[in-house]
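One-letter residues, chain by chain:
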Amino acid sequence: MTWVMLIVLLLSGQVWAGEARPLADDPVAEARLKHLAVELRCLVCQNQTLADSNAPLAEDLRREVREMIAKDMSDKEIIEFLVARYGDFVLYRPPLKATTTLLWVGPFVLLMIGATALIITLRRRAHKVVDVPVTDEEHRRVEQLLAEGSKRS
Amino acid sequence: MNRFLLPLSIFIVVVVFLGVGLKLNPREIPSPLVGKAAPDFSQPQLYDPATVFSPADLKGKVWLLNFWASWCSGCRTEHPVLMELAKSGEVPIFGMDYKDQRDEALAWLKRWGNPYPVVGVDDAGRVGINYGVYGVPETYVIDKQGVIRYKQIGPLDPDTVAKKILPLVKQLESQ
Amino acid sequence: MIPEIGHFALILALCVAVVQGILPIYGAAVGNSALMAVAKPAARGQFLLVLTAFCCLGYAFAEKDFSVLYVAATSNSQLPLHYRLAAIWGAHEGSLLLWTFILTIWMFAVTLFSAHLPDATRSRILGVMGLVSIGFLLFMLTVSNPFERLIPAALDGRDLNPLLQDPGMVIHPPMLYMGYVGFSVAFAFAIAALLGGNLDAAWARWSRPWTTVAWCFLTVGIAMGSGWAYYELGWGGWWFWDPVENASFMPWLAGTALVHSLAVTDKRGGFKVWTVLLAIMAFSLSLLGTFLVRSGVLTSVHAFATDPKRGLFILAFLAVVIGGSLALYAWRAPRVGLGGSFAMVSREGMLLANNVLLVAAMGSVLLGTLYPLFLDALDLGKISVGPPYFDSVFVPLMTPAIFLMGIGPLAQWKKASLPDLAKRLQWAFAVSVVTALALPVVMGNWTPLLSLGLLLAIWIATTAVVTLRERLAHVSGGSFIERLASVPRSYWGMLVAHCGIAVFIVGVTMVKGFESEKDVRMNVGETATIGDYTFRFDGTQDVVGPNYTAARGTFRVSLDGRETTVLYPEKRRYSVQNQVMTEAAIDPGLLRDLYVSLGEPLDDGAWSVRLYHKPFVDWIWGGCFIMALGGALAVSDRRYRIAWGRQKPAVPVSTGTARRKVA
């Protein structure tokens with residue numbers, strides 16, 4: 001019986017061939033690396049994440065991060081390690097500090113200003129507009145003209 | 001103010017910034033290490049792998065640390081400047097051979113001349129990472145207390161040496 | 001000789017542009033019809049001249065004339081013909097010629113479809129476009145001449161960047177530029193209206209189809225760029241919030257706002273001042289994008305080779321064109337009238353609220369893109385603003401916009417009632433919420449973002465159904481098909497474009513929520529499984545392309561033991577630039593893409609291989625194409641077809657300019 005099974009296995013190469021090994025020795029650590037690296041900037045590249053870049057420095061930095069993960073350092077510690085050496089430039093998510101306040105609140109301030117302006121304008125406008133420049137009558141006339149035009153053309 | 005002028009005003013501010021931006025180099029990243037203690041290391045020396053090179057040996061001196069490699073074209077550009085500076089004897093330049101092959105590095109120095117009293121070897125690029133090196137050549141000015149005072153990103157040129165490095169070295173020497 | 005003809009044609013085009021930019025506008029100001037009549041022949045002449053220049057450059061590429069510096073720099077004798085022709089826009093100088101060429105195409109189109117415009121308006125429009133064209137022609141002739149000679153000629157060219165040697169690259173830039181430059185028409189209409197002081201409903205009606213067409217091109221152009229990044233960069237991403245991508249996205253956001261704002265102005269005569277500003281903004285952002293990409297102020301994965309002189313030129317040009325038009329705006333806008341009245345809760349109100357959201361989103365992209373530059377200019381340090389920032393800012397801004405998108409089409413003009421709307425939409429809302437909550441659970445991975453994405457997509461779809469049903473209910477009689485056919489195409493266009501957004505959101509949400517990837521080390525004969533699909537690696541072969549050599553891997557893909565497809569990813573080495581490119585192999589599908597890219601060869605014939613299973617990823621681009629299709633449908637509406645055939649203004653001049661009120 002064992003023989004038969006062995007022969008079957010030998011004949012069907014597909015079954016014989018094994019499942020490919022993951023590239024990384026430790027897939028869990030690799031997942032953490034990836035999670036960190038997509039928010040980090042490769043310094044030598046034009047504009048790529050540490051995860052995507054194949055530059056030698058990016059490879060070295062990934063190696064450093066892998067070692068730090070192996071040493072069981074927290075994400076925060078790893079990021080601090082990199083920021084201490086390369087500055088905030090490595091972070092694709094800029095930290096919230098005095099100089100970046102405008103960056104982070106800007107979009108929402110913009111929205112508030114826009115919304116307020118819209119409401120105020122609409123309110124003010126409601127008092128001012130007396131007549132309607134494009135009246136329904138005019139619209140009808142336009143449509144009529146257009147209809148005639150289509151018949152003529 | 002006429003509120004219809006607002007878009008124009010915003011635009012003018014943006015144009016001014018863009019104009020200033022034209023003069024800046026977006027790829028030059030200032031180092032957060034300036035003003036901080038130079039990271040320690042003990043690396044084998046290029047000419048004598050059995051001996052280590054460590055910044056601790058240089059306490060009390062003002063010195064330059066130059067990261068270079070035989071494969072780097074910018075290093076070739078700045079090399080004559082380093083040779084000149086070394087000849088002048090104003091300040092010692094210590095080399096750090098970054099991610100390089102030993103024989104190629106030796107051949108390179110033999111061919112173009114060696115401005116360094118001592119060259120350390122950083123074959124894995126770890127010292128580089130600790131110093132925040134992101135592209136060779138990079139040069140650090142380190143003071144008597146072992147604090148980084150200046151970082152040059154990219155090749156040194158005679159102008160930078162004369163206007164920035166040497167005055168800074170003189171000032172640090174006198175402290 | 002041929003390149004000199006091209007160069008000369010550009011010089012002549014510049015002369016014509018100067019005439020076109022000055023005489024007709026002056027003629028319109030003083031009411032001289034002879035001067036105004038110059039506009040049309042000048043625009044057509046300019047088109048022919050730039051076309052000549054374009055063909056000359058194309059000829060130089062086709063004939064491998066390496067005595068032309070630009071040809072020598074961006075092509076090579078080994079490069080296949082179609083890529084040699086695409087290399088025309090493969091770098092800075094040539095892409096600038098493409099820009100100008102497309103600008104003259106749009107001009108030419110304006111001369112063809114403007115019979116119904118008053119003479120003065122048409123002259124001003126063509127005049128403004130001529131002025132814009134002067135800038136670009138000057139730019140080329142002074143600091144970026146594509147016809148510059150290289151003496152002695154190079155033996156062979158330095159080749160086109162391998163990244164750009166791709167069918168997507170042949171078509172992506174022309175599409176994108178058609179969009180960018182197309183906004184110049186809406187811009188010229190707006191400036192012409194400001195100059196003439198006749199900012200009325202007719203102006204909006206005329207601008208609408210032009211804007212929509214440009215918007216369609218831009219939508220397709222951006223989608224193609226994103227698709228190109230997806231399969232060419234080899235790591236499966238489709239949007240990186242890179243400055244260059246943002247440069248194309250900002251005009252898109254402004255253009256989208258403009259398309260909607262024009263609807264209000266056209267239908268109700270309201271918010272003209274705002275619409276004009278948007279028209280100026282959309283084109284200004286296109287120009288700003290040109291500056292950002294070519295000046296080197298920002299780093300980007302696909303920026304052009306940069307030169308500070310060029311940056312300075314474009315900046316000066318930018319300052320003149322945008323600064324000038326905004327100054328004109330500040331001067332003229334206060335005199336523009338108010339238009340029809342409407343309540344806050346009305347279709348106008350919602351369109352404008354959507355406008356505010358779109359413009360806030362555009363402002364955020366601008367802020368995020370330029371912020372590193374601001375800080376650097378103020379010497380406050382260097383930072384990077386990347387995808388995590390844009391994602392966290394963009395989603396909260398777009399969510400309400402998409403929510404409004406469902407309600408807007410159902411709200412009446414002038415005044416709508418909230419309780420009434422709520423009643424009409426309660427089922428759509430209930431269905432969306434329940435499905436959005438349940439679906440991810442059924443699929444086995446519930447996250448808040450996943451549910452949010454699905455909620456928005458389903459909301460758009462269900463509200464579209466409600467909208468259409470109500471619309472049909474108003475049509476009396478006829479069969480269902482007849483009633484469907486009675487709905488105007490512009491209305492269909494709106495529904496289709498909105499559904500495109502829904503499809504796009506489904507794509508984004510599903511990819512983010514369910515994509516899986518694997519980095520494996522594969523020996524010949526080994527298998528790896530991802531998303532139920534089993535990949536068997538059958539080794540690599542050496543293949544030789546026209547200008548590269550490659551290792552081509554063979555992957556047999558099977559599902560439940562049955563072979564579904566064979567994929568051939570390549571690792572190419574382009575010989576001239578000695579650059580290695582990863583050509584991913586993709587098996588596209590309606591419900592998923594399978595994506596394989598070869599990493600590095602390891603020892604004993606094994607390779608590092610990256611596998612992706614990307615559910616619904618093609619919906620991202622499909623959604624964009626559907627949006628553009630919606631735009632195309634809207635433009636084909638009969639009222640535009642009629643308007644184009646007519647000789648007189650289609651809409652009587654409104655009373656807007658007579659009354660001096662501040663909007």
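Here the structure is a predicted model, which means the values were calculated and not measured.

(A) Broad picture of the overall build of chain C. In terms of regular secondary structure, chain C is built from 20 helices and ten strands. Principal-axis analysis of the C-alpha atoms places the extent of chain C at approximately 85 × 75 × 60 Å. Across the 663 residues that make up chain C, the buried fraction comes to 63%. If you take every contact in chain C between residues at least 6 apart in sequence, the share linking residues at least 24 apart comes to 73%. For chain C, the exposed area adds up to about 23,600 Å²; of that, 67% sits on carbon and sulfur atoms. In chain C, the 49 positive side-chain charges and the 40 negative ones have mean positions that sit 17 Å from each other.

(B) Just the interface of chain A and chain B, in detail. In this assembly, 18 residues from chain A lie in contact with 18 residues from chain B. Between chain A and chain B, roughly 1,400 Å² of surface is buried when both sides are summed, and carbon and sulfur atoms account for 48% of that area. On the chain A side of the contact with chain B, Asp60(A), Arg85(A) and Tyr86(A) bury the most area, a combined 35% of that side's loss. Between the two partners, chain A and chain B, sit three salt bridges. Two residues, Asp60(A) and Lys99(B), come together in a salt bridge whose shortest N-O distance is 2.5 Å. The residue makeup of the side of chain A that touches chain B, split by class, is eleven nonpolar, two polar and five charged.

(C) Quick look at the domain arrangement of chain C. All names here are of chain C. Examined at the domain level, chain C breaks down into domain 1 (1-165), domain 2 (412-509) and domain 3 (521-586 + 597-609). Placing the centre of domain 1 and that of domain 3 at their C-alpha centroids yields a distance of 43 Å. Contacts between the two partners involve twelve residues from domain 1, matched on the other side by seven residues from domain 3. Carbon and sulfur atoms make up 54% of the surface buried where domain 1 meets domain 3, a total of about 820 Å² over both sides. Of all residues in domain 1, Gln78, Asp159 and Pro162 bury the most surface against domain 3, accounting for 53% of the area lost on that side. The interface formed by domain 1 and domain 3 contains zero salt bridges.

(D) Here's a closer look at the packing of aromatic side chains. Residues and elements named next belong to chain C. Counted according to the given criterion, the structure contains 47 aromatic pairs over all chains. Ring geometry for Phe403 versus Phe429: centroids 6.4 Å apart, planes at 80°, classification edge-to-face. You can see Phe403 sitting in helix H14 (residues 387-407) and its partner Phe429 sitting in helix H15 (residues 418-443), a full 26 residues away along the chain. Using a relative accessible area of 36% as the deciding quantity, one classes Phe403 as partly exposed. Pairing Phe429 with Trp459 gives two aromatic rings, centres 5.8 Å apart and planes at 90°, and the pair type is edge-to-face. Here Phe429, found in helix H15, pairs with Trp459, found in helix H16 (residues 448-474); they are 30 residues apart in sequence, far enough to count as distant.

(E) How the structure looks around the state of the cysteines. This model, assessed by the stated rule, comprises one disulfide over all chains. Each sulfur in the disulfide pair Cys72(B) and Cys75(B) lies 2.0 Å from the other. Taking the torsion about the sulfur-sulfur bond, which here is approximately 100°, the covalent link between Cys72(B) and Cys75(B) counts as right-handed. Of the residues examined, Cys72(B) reaches a relative accessible area of 4% and is grouped as buried. The class of Cys75(B) is buried, set by a relative accessible area of 2%. Considering cysteine sulfurs only, Cys55(C) is the nearest to Cys56(C), which forms no disulfide, with 7.1 Å between them. According to the relative accessible area criterion, Cys56(C) is buried, its value standing at 7%.

About the cut-offs
- Residues numbered from 1 in each chain as written.
- Chains lettered and ligands numbered in written order.
- Predicted model: local features only at pLDDT ≥ 70, side-chain atom pairs only at ≥ 80, totals over all residues.
- Heavy atoms only, no water.
- Helix = DSSP H or I, 4+ residues; strand = E, 2+ residues; numbered from the N terminus.
- Buried < 20%, exposed > 50% of the residue type's maximum accessible area, 1.4 Å probe, protein only.
- Contact = heavy atoms within 4.5 Å.
- Areas by Shrake-Rupley, 256 points an atom, 1.4 Å probe, with all protein chains shown as cover.
- Lys, Arg positive; Asp, Glu negative; His and termini not counted.
- Charge placed at Lys NZ, Arg CZ, Asp CG, Glu CD.
- Buried area = accessible area lost by both parts, 1.4 Å probe.
- Salt bridge = Lys/Arg side-chain N within 4 Å of Asp/Glu carboxyl O.
- Nonpolar A, V, L, I, M, F, W, Y, C, P; charged D, E, K, R; others polar.
- Domains from an automatic or database assignment.
- Phe/Tyr/Trp six-rings, centres within 6.5 Å; stacked < 30°, edge-to-face > 60°.
- Disulfide = S-S within 2.5 Å.

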